[in-house]
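Letter by letter, the chains look like this.
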Amino acid sequence: MSKNNCIFCKIANGEIPSSTLYEDEDFRVFLDLNPAARGHALLVPKKHFENLFELDDELCKKAMVLAKRLAGQMKEALDCDGFNLMQNNGETAGQTVFHFHLHLIPRYKGDMAGITWNQGKASPEELEELAALLRKK
Ligand code: 5GP
Ligand code: ZN
């Protein structure tokens, strides 16, 4: 499965070159062109899935196991101080390339990656009401 004009289909399948650090039959992992921090990489399935909701379950499991292994190797090679795994779904959530991908982002003390959000406030009652709503699904 590959989608015409999807940049990550083309990169994952080698039609467009990338700085690849890992490849197997299901995935390619390559360096992000606009890194948030040194070593920022993208883990991309070779088949086209628009987002997490569409992603095949088996590939989802494999992606997380692979991300764990590569994060460990990258941490050792780069001597970073921390590590973010990120994954955006939908424009509102910051997705700009609509082919599922996991961001692997090494973090360094004092870096300017700025991966954060504003913390809200919720009462225990509000949280309980929301949890009840979500349990119904
Ligand atoms: P998103 O915002 O969808 O979660 O992440 C898309 C990421 O893909 C961005 O961090 C962006 O820098 C990266 N990106 C977009 N186009 C290319 C490309 O052609 N090559 C590489 N290596 N990265 C890309
Ligand atoms: Zn694609």
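This text goes with the structure placed above it.
Within each chain, residue numbers correspond to sequence positions counted from 1 in written order. Ligands are numbered from 1 and chains lettered from A, in the order in which they are written. With the structure being a predicted model, the display of local features is reserved for residues of pLDDT at least 70 and the display and counting of side-chain atom pairs for 80 or more, all residues being used for whole-chain, interface and lining totals. To get the side-chain values, all heavy atoms of the structure are used, and hydrogens and water are removed first.

Visitor: Pulling in residues and values, what's your account of the pattern of salt bridges?
Guide: The salt bridge definition used is simple: a Lys or Arg side-chain nitrogen within 4 Å of an Asp or Glu carboxyl oxygen. This model, assessed by the stated rule, comprises 7 salt bridges. Of the charged contacts in the structure, one is a salt bridge between Arg-28 and Glu-23, with a shortest N-O distance of 3.3 Å. Here the term buried applies to any residue with accessible area under 20% of the maximum for its type, exposed to any over 50%, and partly exposed to those in between, with areas from a 1.4 Å probe on protein chains only. Its relative accessible area of 9% is what places Arg-28 among the buried residues. The exposure class of Glu-23 is partly exposed, given its relative accessible area of 43%. One salt bridge connects Lys-61 with Glu-58, and the closest N-O pair in it is separated by 3.1 Å. Note that Lys-61 and Glu-58 are positioned in helix H2 (residues 57-78) at a spacing of 3 residues, about one turn of the helix. Judged by its relative accessible area of 46%, Glu-58 is partly exposed. Each member of the salt-bridge network shares a partner with another, and the members are Glu-23, Arg-28 and Lys-46. Counting from the N terminus, the helices are DSSP H or I runs at least four residues long and the strands are E runs at least two residues long.

Visitor: Give me the environment of Arg-28: which residues, what numbers.
Guide: Checked against the element boundaries, Arg-28 lands in strand S2 (residues 27-31). Measuring from C-alpha to C-alpha, the distance between Arg-28 and Glu-125 comes to 45 Å, with 97 residues separating the pair along the chain. Should any heavy atoms of two residues lie within 4.5 Å, those residues are considered in contact. Residue contacts for Arg-28: discarding those within four places in its chain leaves Ile-11, Ala-12, Asn-13, Gly-14, Ser-18, Thr-20, Tyr-22, Glu-23, Leu-42, Leu-43, Val-44 and Lys-46. Counted as a polar contact is a pair of N or O atoms within 3.5 Å, where, for protein atoms, one must be capable of donating a hydrogen and the other of accepting one, and residues adjacent in sequence contribute only when both atoms are in side chains. A polar contact is formed between the side chain of Arg-28 and the side chain of Glu-23, at a distance of 3.3 Å.

These figures come from the coordinates and say nothing about function on their own.
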